[in-house]
Amino acid sequence: MGRKKLEIKRIENKSSRQVTFSKRRNGLIEKARQLSVLCDASVALLVVSASGKLYSFSSGDNLVKILDRYGKQHADDFKALDHQSKALNYGSHYELLELVDSKLVGSNVKN
């Protein structure tokens, strides 16, 4: 007999949400462990709860080593994200263009 299909939405009851979080977090860590054992893969898992508590799991390799390897392989992606976040800090493209324009006009006035 199958289980009832669960609708994926935020659990409103705080204690039920905490129990579900704990069970699913433990299940996720167990799946990560199984993946690392069965497939001889390096697995790093980070989970941050709503209260800000950090949970981590890493297979045979040290968590920092796995994250460093990921960082080296995806350095270009991180650079693109950094540029993207800086652009978002300026707001809309129009505001960014105005800022660049004002800087260019300001530099021409000084010359």
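Along every chain, residues carry numbers that run from 1 in the direction the sequence is written. Note on the predicted model: pLDDT of at least 70 is required for a residue's local features to be given, and 80 or more for side-chain atom pairs to be given and counted; whole-chain, interface and lining totals, by contrast, use all residues. The side-chain figures draw on all heavy atoms in the structure; neither hydrogens nor water molecules are used.

For the chain, an unreviewed UniProt entry supplies the name Flowering locus C and the organism Arabidopsis thaliana. As its UniProt record puts it under Subcellular location (unreviewed entry), the chain is described as follows: "Nucleus". UniProt positions are given in the numbering used here, feature names are shortened, and annotations may be inferred rather than shown by experiment.

Turning next to helix H2 (residues 63-73). Each residue is assigned to one of three classes by its accessible area relative to the maximum for its type, calculated with a 1.4 Å probe on protein chains only: buried under 20%, partly exposed between the two thresholds, exposed over 50%. Secondary structure elements follow DSSP: runs of H or I no shorter than four residues count as helices, runs of E no shorter than two count as strands, and numbering proceeds from the N terminus. Those residues of H2 lying buried are Leu63, Ile66 and Gly71. Seen from one end, H2 has its buried residues packed into an arc of 135 degrees, which puts them on one side. In H2, those exposed residues whose orientation departs by more than 90 degrees from the buried face are Val64, Lys65, Lys72 and Gln73. As used here, the arc belongs to the directions running from the helix axis to the C-beta atoms.

We now examine the packing of aromatic side chains. Two aromatic rings from Phe, Tyr or Trp, using only the six-membered ring of Trp, form a pair when their centres are within 6.5 Å; if the ring planes differ by under 30 degrees the pair is stacked, by over 60 it is edge-to-face, and anything between is tilted. All told, the structure shown has 1 aromatic pair when counted by the stated rule. Note on phenylalanine 21 and tyrosine 55: the rings are 5.9 Å apart at their centroids and 55 degrees apart in plane angle, and the pair reads as tilted. Here tyrosine 55 lies in strand E2 (residues 54-58) and phenylalanine 21 lies in helix H1 (residues 14-39), a separation of 34 residues in the sequence.

Among the structural elements, arginine 25 can be located in helix H1. For the pair arginine 25 and valine 47, spaced 22 residues apart in sequence, the C-alpha to C-alpha distance is 7.7 Å. By definition, residues are in contact when any of their heavy atoms lie within 4.5 Å. Dropping the residues within four chain positions of it, arginine 25 is found in contact with Val47 and Tyr55.

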